[in-house]
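Given next are the chains, with one letter for each unit.
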Amino acid sequence: MIEIQNVHKSFGKLEVLKGIDLTVEKGEVVTVIGGSGSGKSTLLTCINGLEPIDTGKIVVDGTEVHAKSTNLNKLRQKIGIVFQQWNAFPHLTVLENVTLAPRKVLGMGKAEAEAIGEKQLKHVGLGDKLSTYPSRLSGGQQQRMAIARALAMSPDYMLFDEVTSALDPQLVGEVLETLKMLAEEGMTMICVTHEMAFARDVSDRVAYFHKGIMAEIGKPEQIFNDPQHPETQKFLASVR
Amino acid sequence: MFDTALSAADLIFLAKGAGMTIIVTAISVAIGTVLGILFGVIRVQLGAVLAAPLTFFLDIFRSVPLLIQLVLANAFMGMVLHLRFSGFTIACMVLSLYTAAYCAEIVRGGIGAVPATTRRAARSLGMSWWQDMRYIVAPLATRVALPSWIGLALGVMKDSALVYVVQVTELLKSTQILITRLQEPLFLLMICGAFYFIISFPLARLGGYLEKRWSND
Amino acid sequence: MFGYTFQWNQALARLPKILDGAAVTMEVAVLSMLIGIALAIFLTLLRLSGSRPLGAIATTWVEVARNTPALFQIYMAHFGVASFGIHFSPFVSLLIGITFNNAGYLAENFRGALKAIPETQTRAGRSLGMSQGQAFRYIILPQMLRISFLPMTNQMVWAVLMTSLGVTVGMNTDLYGVTQDLNALTFRTFELFAIAAVIFYLITKIITLGARAIAWRLFRY
């Protein structure tokens, strides 16, 4: 369970999160929508401790993320994150990209790590690209590789930060299909996205962020068919 | 505070050495740059195959220790040709060709950095080859080449420390002579090193600055 | 012609000795590169450490190495440290001088290479649970070394050429030193040094071509 309680976060004078409260249950898929600068991406990087927060707290399975005593490297093993920019490691093959962290962080043997890596890469449809270098892959393939790389750590939670925003339009579908598959398998996911159809189809709940505040959260049917908050109505009207 | 046997006369001796370093460097860089531009343009114009002999010749200066170049030039002029050139002349000749070899590379890189489309545009306006070179290529290539050229000039100054081998008493040799006499190696070397550093460091910084500024636009 | 008779045979008879010198030259160059790369990585880490004094030490090293003659650096390692009562053999002094120079230039190359690696690479590593050190070791360092491969090759060529300076501190077992000693015996200056020049030339070509072959095999991404 991820519990986010009254989280505030500023970059210099700019307050990007103004008191966020959100609880994500095990097995739940929550998508976060909203305009740019609404703070939705920042929230994800705070959840796995890549960014510090100013006040409030984030608790993952009973561990407070930003407590001094927390071993973030340990915590991050159970929270996978995939970014808008897939950040493939260019000097490693696809398989090596995926097995690096299991081997070096989890201390897995080569054979075991490769078995897991192969399984995850097959899972995202890259089973035939194991010894290819990332530069030979399309953006969509690299992004799926990044997903497999995160999954290879057997995380309990997956965070997706606008994973299709940097892709050419014709490559968006394959990545969204992968996310959908994960959701159906019961992975706990928080997805920041601009893909409204995806949010509607896949989510258990949809949250609308506006200027650092979670303006509204609810079931997708409710958010998309009957938005309560005027900003949500305005936003949905603008993206339709 | 600090006890040294270094006299005013010794300081003048060092200053003379520094002067020699600067003179040898200035002459070699001047001649070497002119030759380097010439060689660089010729190499670009002739293309890789026709320019191969020139490329090979210039490459020798970058692949053989400067010390050996100086010794060989000295031996060749003196023992073989029986020409009585001074060490100073030999030093300047070798260092000039040495500079030219590196400069030709820089010039080639600079010309190569001018987009072919830009040059085509110039020629399509009716400019001659010479006009294209003079008004389009030269200014653009200079921008690319200048930072490297500054680095080259500073490199030649540092490498000029080797001309001692043909009996030219430049700064480092002067320092060494004083070290033998005064037995204060660290102190004397510090003075010597500081001289090189004070000239080289700001100019190297300038080169770095120009490179950064010009690569941003 | 010119009243000078080239006597190549006399010089060529000394070729085995000269080649022994070439082996010592390679030894010094390779050692100075290996230690130099290790030190350059260390200097890079000091610069990345965020500590001002540590960064200043690294920057001073780099700037002195780049802005003074290599010969000066070798003198410092030999005559300079003698002021502290430390006396190195010519071999060690030469090795220290070249290594100091290598480390300085390489550290500067590494700095440039790091700029070409997006910061998000570290972030991606950290998000997989890697420590800062692991992210540097497994993600940043290999990329840094690969980007710096060509400058490292150039520095290796430089290291070979710099070994010729050992003669100034009394080195007589390297390629230049051996040639110089033979010259004192035979006075075939031109022939002997021409042979040494050819060997130096061949060594640098082998390094350049060998590096190109390695790069071609290694860096397929």
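Residues numbered from 1 in each chain as written. Chains lettered and ligands numbered in written order. Predicted model: local features only at pLDDT ≥ 70, side-chain atom pairs only at ≥ 80, totals over all residues.

Observations concerning the overall build of chain A
Of regular secondary structure, chain A possesses 9 helices and 10 strands. If you line up chain A on its principal axes, its C-alpha atoms span 55 × 45 × 30 Å. Burial status across chain A gives 47% buried among its 240 residues. (Helix = DSSP H or I, 4+ residues; strand = E, 2+ residues; numbered from the N terminus. Buried ≥ 20, exposed ≤ 12 C-beta atoms within 10 Å, placed from the backbone.)

Quick look at the overall build of chain C
For chain C, the count of helices and strands is 10 helices and 0 strands. Along the chain direction, N to C, the helices and strands of chain C fall in the order α-α-α-α-α-α-α-α-α-α. Its C-alpha atoms give chain C principal-axis dimensions of about 75 × 45 × 25 Å. Expressed as a percentage of contacts within chain C between residues at least 6 apart in sequence, the contacts between residues at least 24 apart total 72%. (Contact = placed C-beta atoms within 7 Å.)

Structural notes on the interface of chain A and chain C
Between chain A and chain C, the contact holds 20 residues from the first and 18 residues from the second. By residue number, the principal contributor to the side of chain A that touches chain C is helix H3 (residues 94–104) of chain A, which donates 3 residues. Looking at side-chain class alone, the side of chain A that touches chain C contains 10 nonpolar, 7 polar and 3 charged residues. (Nonpolar A, V, L, I, M, F, W, Y, C, P; charged D, E, K, R; others polar.)

Remarks on the interface of chain C and chain B
Listed as interface residues are 31 residues of chain C and, on the opposing side, 30 residues of chain B. For the side of chain C that touches chain B, the elements supplying multiple residues, two or more each, are helix H3 (52–67), helix H4 (70–80) and helix H10 (189–218) of chain C. Of the residues forming the side of chain C that touches chain B, the biggest block, 10 residues, is contributed by H10 of chain C. A per-class count over the side of chain C that touches chain B returns 20 nonpolar, 8 polar and 3 charged.

Some words on the UniProt feature "domain: ABC transmembrane type-1" (unreviewed entry) in chain C
With numbering aligned to this structure, UniProt lists the feature "domain: ABC transmembrane type-1" (unreviewed entry) at residues 22–211 of chain C. Regarding residues 22–211 of chain C, the helix share stands at 81% and the strand share at 0%, and the terminal C-alpha atoms are separated by 19 Å. (UniProt positions renumbered as here; feature names shortened; annotations may be inferred.)

Observations concerning the confidence of the model for chain C
Here chain C shows a mean pLDDT of 93. Residues at 70 or above account for 98%. Two numbers describe this predicted complex: its pTM, 0.89, and its ipTM, 0.91. (pLDDT = per-residue confidence, 0-100.)

Here's the deal with the nonpolar core
With 189 residues, the main nonpolar core has Leu-70 and Ala-91 of chain B together with Ala-196 of chain C as its most contacted residues. Those residues within four positions of Ala-196 of chain C in sequence are excluded, and the remaining contacts are Ile-68 of chain B together with Ile-18, Leu-175, Tyr-176 and Thr-179 of chain C. (Core = buried A, V, L, I, M, F, W, Y, C linked by C-beta atoms within 7 Å.)

Some remarks on helix H2 (residues 15–48) of chain C
The end-to-end C-alpha separation of H2 of chain C is 48 Å, in line with the 50 Å expected for 34 residues at 1.5 Å each. Taken from the residues just after H2 of chain C, Gly-50 of chain C is the one with a positive phi, measuring 85°. (Expected span 1.5 Å × (residues − 1).)

Side note on helix H9 (residues 175–186) of chain C
The end-to-end C-alpha separation of H9 of chain C is 16 Å, in line with the 16 Å expected for 12 residues at 1.5 Å each. Buried within H9 of chain C we find Leu-175, Tyr-176, Gly-177, Val-178, Thr-179, Gln-180, Leu-182 and Asn-183 of chain C. Taken together, the buried residues of H9 of chain C touch helix H3 (66–80) of chain B together with H2 and H10 of chain C. Just downstream of H9 of chain C, Phe-187 of chain C is the residue with a positive phi angle, here 60°.

Focus: the pairing of strand E3 (residues 29–34) of chain A
Residue and element names in this part refer to chain A. The buried count for E3 comes to 6 of 6 residues, which makes it a mostly enclosed element. Side chains Val-29, Thr-31 and Ile-33 of E3 all project onto a buried face; the interleaved residues Val-30, Val-32 and Gly-34 project onto the opposite face, where all are buried too. Alignment of E3 against strand E8 (residues 188–192), held across 4 bridges, turns out to be parallel. Residue pairing for E8: Val-32 is matched across the bridge by Val-192. Here 5 bridges tie E3 to strand E9 (residues 205–210), and the two strands are oriented parallel to one another. Each bridged residue has a counterpart across the sheet, and for Thr-31 the counterpart in E9 is Val-206. (Pairing = 2+ DSSP bridges.)

What to know about the environment of Gln-45 of chain B
Residues and elements named next belong to chain B. Residue placement: Gln-45 occurs in helix H1 (residues 8–50). Residue Gln-45 is classed as exposed on the basis of its C-beta count, with 12 C-beta atoms lying within 10 Å. A sequence separation of 63 residues divides Gln-45 from Arg-108, and the C-alpha atoms of the two residues are 10.0 Å apart.

Observations regarding unusual backbone geometry
Residues and elements named next belong to chain A. In the Ramachandran plot, Asp-61 falls in the positive-phi region, its phi being about 50° despite a non-glycine side chain. Locating Asp-61 in the fold gives a position in the loop between strand E4 (55–60) and strand E5 (63–64). A tally of 13 C-beta atoms within 10 Å means that Asp-61 is categorised as partly exposed. In the Ramachandran plot, Glu-162 falls in the positive-phi region, its phi being about 45° despite a non-glycine side chain.

What about the UniProt feature "transmembrane region" (unreviewed entry) in chain C?
Residues and elements named next belong to chain C. The sites that UniProt annotates as "transmembrane region" (unreviewed entry) are residues 22–46, 156–173 and 193–215. Structurally, residues 22–46 is divided into 100% helix and 0% strand, and its ends, taken at the C-alpha atoms, are 35 Å apart. Counting secondary structure, residues 193–215 comes out at 100% helix and 0% strand; the distance between its end C-alpha atoms is 33 Å.

Side note on the arrangement of the chains
The interface with the highest contact count, out of 2 pairs of chains in contact, is the one between chains B and C. Without any contact between them, chain A and chain B keep their closest C-alpha atoms 24 Å apart.

Regarding the sheet that holds E5 of chain A
All names here are of chain A. Strand order in the open sheet formed by 4 strands is E2-E1-E4-E5, with antiparallel pairing between adjacent strands. What marks the edges here is a single partner per strand, and that holds for strand E2 (14–24) and E5. As judged from the 5 bridges shared by strand E1 (residues 2–11) and E4, these two strands associate in the antiparallel manner. Counterpart to Glu-3 in the pairing with E4 is Val-59.

Considerations on the confidence of the model for chain A
Across chain A, the average pLDDT comes to 93, with 100% of residues at 70 or higher. Across chain A, E8 of chain A holds the top mean pLDDT of 96, while helix H9 (residues 230–239) of chain A sits lowest at 90.

Digging into the sheet that holds E3 of chain A
Residue and element names in this part refer to chain A. The mixed open sheet is built from 6 strands, whose spatial order is E6-E7-E8-E3-E9-E10. A strand with exactly one partner marks an edge of an open sheet, and here the two such strands are strand E6 (79–82) and strand E10 (213–218). Averaged over all neighbouring strand pairs, the angle between strand axes comes to 15°, with direction disregarded. Both E6 and strand E7 (residues 157–161) contribute to a ladder of 4 bridges, which runs parallel. The residue bridging Ile-81 from the neighbouring strand is Leu-159, located in E7. Here helix H6 (residues 169–184) sits on the sheet and contacts E3, E7 and E8; the angle it forms with E8, its principal contact strand, is near 150°. (Axes fitted to C-alpha atoms, helices over the stretch in contact; angles between N-to-C directions.)

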